[in-house]
Amino acid sequence: MAKAVCGRFAPTPSGRMHLGNVFCALLAWLSAKKQGGTITLRIEDLDKPRCPAGSDMLLEDDLHWLGLEWDTGGSAGGKDAPYYQSRRFDIYAAYFAQLQKLGLTYPCFCNRAELHAAQAPHLSDGRILYAGTCRHLTAEQTAAKARTKDPAQRLRLPDTAVSFIDGHYGPYTQNLAAECGDIILRRSDGVYAYQLAVVVDDALMGITEIVRGCDLLSSTPQQLYLYQLLGFSPPAFIHVPLLMAADGRRLSKRNRDLDLGFLRQHFVSPQPLIGLLAFLAGLLPAPEPVSAKELLPLFNWQKVPHNNIIVSEKLLNLFKL
Ligand code: GLU
């Protein structure tokens, strides 16, 4: 029997949800529900200072308002709820130790300036390929540096290509050494990195389908490598196009005026907003009010565009945004 589909929302509560986050959550919800599956809500608050107090509750309230209900997770377990990454450090520590035992990690003392040195190769998405400066430090060099600085911990990535078939974009391949570089598993302040936490959590929470923005497509091969090292079986990955502002920049939480705080002042009900997003997703021929549930019969990945989607001024004017 095929495994039941379990999708997830994995928001970082660094501010109010944005039109782009809602677009992605809507598609994740539609995909899981259309297959009779469930959704888990995980609050990705690893970087505590970036997550204002109370933003998790606003996030849950916004998801309820939108009709994007989840089945497990979130704050339901009170202050001990296991679906907050900030409460799972011991779990990440155990998996990190496993990688360390395999001899696959090493301390890195490079500071920001060293990482951004002029010769550092930039990847196509703007990230910097780590030059491997600390990869070959001797035990003495490491001990000497550790006297004055806490190191980050990196994972050695091999000169190997990792391929997978994205559920929306199709085949995708990356050479780990040349296109990812040794990734950080734990920051110098002791905070575990997103790449490790997301793999451990999705695996332990039984997630079978990950729907997320295509900005994370290039993180997927390194995450698949972590799945392999930790002995987990990977979920299906489905990446979705990003919503872009008319000037070609990505819609983000910086565009304050398109966050749910603003949008809920303008829309008394979520239907016009869901309708706008459904139109952008190719599910409706024109933006008209609809609920998430009403979209289920219309949902089909084949209708969803592949190119990033410009949210034009004209469209926003139509909604008086
Ligand atoms: N927490 C990430 C974000 O809000 C999403 C990570 C993921 O979907 O893998 O952008």
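Residues numbered from 1 in each chain as written. Predicted model: local features only at pLDDT ≥ 70, side-chain atom pairs only at ≥ 80, totals over all residues. Heavy atoms only, no water.

Looking now at the pattern of salt bridges. With the rule as written, the count across this model stands at 13 salt bridges. The salt bridge involving aspartate 71 is made with lysine 33; its shortest N-O contact spans 2.8 Å. Note that aspartate 71 is positioned in the loop between helix H2 (55-66) and strand E3 (72-73) and lysine 33 in helix H1 (residues 19-34), a separation of 38 residues in sequence. Connected through shared salt-bridge partners, Arg8, Arg42, Glu44, Arg88, Asp201 and Asp202 make up one network. (Salt bridge = Lys/Arg side-chain N within 4 Å of Asp/Glu carboxyl O. Helix = DSSP H or I, 4+ residues; strand = E, 2+ residues; numbered from the N terminus.)

Reading across from one edge, E4-E5-E8 is the order of the 3 strands in this open sheet, with antiparallel pairing throughout. This sheet does not close on itself; its edge strands, each paired only once, are strand E4 (105-108) and strand E8 (183-186). Strand-to-strand twist of the sheet, defined as the mean angle between neighbouring strand axes without regard to direction, takes the value 45°. With 4 bridges joining them, E4 and strand E5 (residues 152-155) adopt antiparallel strand pairing. Looking at the pairing, cysteine 108 lines up with alanine 152 of E5. (Pairing = 2+ DSSP bridges. Axes fitted to C-alpha atoms, helices over the stretch in contact; angles between N-to-C directions.)

The element helix H8 (residues 220-230) is largely enclosed, with a buried count of 9 among its 11 residues. Among the residues making up H8, those that are buried are Thr220, Pro221, Gln222, Gln223, Leu224, Tyr225, Leu226, Tyr227 and Leu230. (Buried < 20%, exposed > 50% of the residue type's maximum accessible area, 1.4 Å probe, protein only.)

This next bit is on the UniProt feature "binding site: L-glutamate" (unreviewed entry) in the protein chain. Those residues carrying the UniProt feature "binding site: L-glutamate" (unreviewed entry) are Arg8, Phe9, Ala10, Pro11, Thr12, Glu44, Tyr194 and Arg212 in this numbering. Counting through the fold element by element, phenylalanine 9 comes out in strand E1 (residues 6-9). With a relative accessible area of 5%, phenylalanine 9 lands in the buried category. When neighbours within four sequence positions are excluded, phenylalanine 9 is seen to be in contact with Ala25, Ala28, Trp29, Ile39, Thr40, Leu41, Arg42, Leu63, Leu68 and Trp70. Position of threonine 12 relative to the elements: it lies in the loop between E1 and H1. Judged by its relative accessible area of 29%, threonine 12 is partly exposed. (UniProt positions renumbered as here; feature names shortened; annotations may be inferred. Contact = heavy atoms within 4.5 Å.)

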